[in-house]
Every structure is written in C-alpha cells, then in structure tokens.
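Architecture and fold: a report
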Amino acid sequence: MIALPTHSLDETSLELQERVALYLSQRHLTFGSRLQIAAQRGVVTLSGQVPTFHQRQLIHAFTRRVAGVVQVVDQLEVVSPVALPQPSHDPGKVLAWVPEDSLSSQFIPYEGGVMS
C-alpha cells in the first residue's frame, strides 16, 4: 500500500507524489510494503516499512529517476513481512493508490479506516 499525504500541498508536489507512486508501482517495487511518499519542492521523503534491504535500495534508486525529484530522503525501515503491522486508523486525509489491474490505476481519497 502507498499513502500520499494531501495536507498543505501545492499542485506540483501532489503531482510529484503521484508520479513517484505510479513509477514504483509499475515496476512492482511496492509488494509487501507500507510506504508513505511525501514531496515538497522536489524533495521526496520515503517513509514506512519494507520487507527487505534490497527492496529499500531499489525503491530509493528508482525514486531518484522520477522527473522532478531533486533529492530523496530515505526514512524507510526494513521489517520482516510477518512483523508488518496492519494499517492504523489515521484521521488525516491521504490518497491511497490502488491498482485495479496491471494496465490501469487510480487514486482514491479516504479518511481513516483500513485499506485492504
């Protein structure tokens, strides 16, 4: 799952977040991860949990390739897939990227709750 915070974002930062999420997902780099992607003025902050160090390195490297990314701040944590927690009930607004199939995708807004 990829979460994109929407609070206090200008249109350019929101578009950059969406491009990064789409780029990583199209390359199947987010499997088994719980990522949060934040962007501001070209600086992309990656946070959350990934199952392997290798996946962390790939996510970081591929994020740098996205047009508009000036710097990547890596706050990802490597956690065993068994130890990954369920999504919390965060009351903040986020956009969740949910692939419908391998050829299309969509961003859906939601407040709190559990994404599955």
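One can find the structure itself at the top, above this paragraph.
Along each chain, residues carry numbers from 1 onward, in the same order as the chain's sequence is written. Where local features are concerned, this predicted model is filtered to residues with pLDDT of at least 70; where side-chain atom pairs are given and counted, the filter is 80 or more; whole-chain, interface and lining totals use all residues. Water and hydrogen atoms play no part in the side-chain values, which are based on all heavy atoms of the structure.

**Describing the packing of aromatic side chains**
Quick note on the threshold: Think of it this way: a Phe, Tyr or Trp ring, Trp meaning its six-membered ring, pairs with another when their centres are within 6.5 Å, and the plane angle makes it stacked under 30 degrees, edge-to-face over 60, tilted otherwise. Here a strand is any run of E in DSSP of at least two residues, a helix any run of H or I of at least four, and the numbering for each starts at the N terminus. Exposure is judged per residue with a 1.4 Å probe applied to protein chains only, and the accessible area is read against the type maximum: over 50% gives exposed, under 20% gives buried, and values in between give partly exposed.
The full count for this structure, using the stated rule, is one aromatic pair. When the centroid spacing of 6.2 Å and the interplanar angle of 40° are considered together, the rings of Y23 and F62 count as tilted. Here the residue Y23 occupies a position in helix α1 (residues 11–26), and F62 occupies one in helix α2 (residues 53–64), the gap between them amounting to 39 residues. The same class applies to Y23 and to F62, which are both buried.

**Examining the environment of S13**
This is how the line gets drawn: Contacts: residue pairs with any heavy atoms within 4.5 Å of one another.
Structurally, S13 can be placed in helix α1. Taking the C-alpha atoms as reference points, S13 and V69, 56 residues apart in sequence, are found 9.9 Å from one another. Contacts of S13, omitting those with residues within four sequence positions, involve A39, Q40 and R41.

**Some details on the side chain of T63**
Tracing the backbone through its elements, the reader meets T63 in helix α2. For T63, a relative accessible area of 0% translates into the label buried. Dropping the residues within four chain positions of it, T63 is found in contact with V20, L24, V44, L46, V69 and V72.

**Notes on the nonpolar core**
The criterion, for reference: Here, nonpolar core means buried Ala, Val, Leu, Ile, Met, Phe, Trp, Tyr and Cys residues that are tied together by side-chain atoms lying within 4.5 Å of each other.
Core analysis: the largest hydrophobic core is formed by 20 residues, its most contacted members being V20, L24, I37, V44 and I59. Elements with a contribution of two residues or more to this core: β1 (2–5), α1, β2 (34–40), β3 (43–50), α2 and β4 (71–78). The element contributing the most residues to this core is α1, with five residues. If near-sequence neighbours (up to four positions away) are discounted, I37 is found in contact with I2, A3, L4, P5, Q17, V20, A21, L24, V44, T45 and L46.

**Comments concerning the pattern of salt bridges**
Here is the rule: Any carboxyl oxygen of Asp or Glu within 4 Å of a side-chain nitrogen of Lys or Arg constitutes a salt bridge here.
Scanning the entire structure with this criterion turns up one salt bridge. With its nearest N and O atoms 3.1 Å apart, the salt bridge here joins R56 to D74. With a gap of 18 residues between them, R56 in helix α2 and D74 in strand β4 connect regions that are remote in the sequence.

**Points about the packing of α1 against α2**
Here is the rule we go by: Axis definition: a line fit to C-alpha positions, over the contact stretch in the case of helices; interaxial angles, taken between N-to-C directions, run 0 to 180 degrees. Put simply, angles under 35 degrees are roughly parallel, angles over 145 are roughly antiparallel, angles from 65 to 115 are roughly perpendicular, and the rest are oblique. If you view the pair so one helix is near and one far, a crossing is left-handed when the near helix is turned anticlockwise from the far one by less than a right angle, and right-handed when it is turned clockwise.
Put simply, α1 and α2 touch, their axes get as near as 10 Å, and they point 130° apart. Viewed along their axes, α1 and α2 adopt a mutual orientation that is oblique. Handedness of the α1/α2 crossing: right-handed. Of α2, the residues touching α1 (which contributes V20, Y23 and L24) are I59, F62 and T63.

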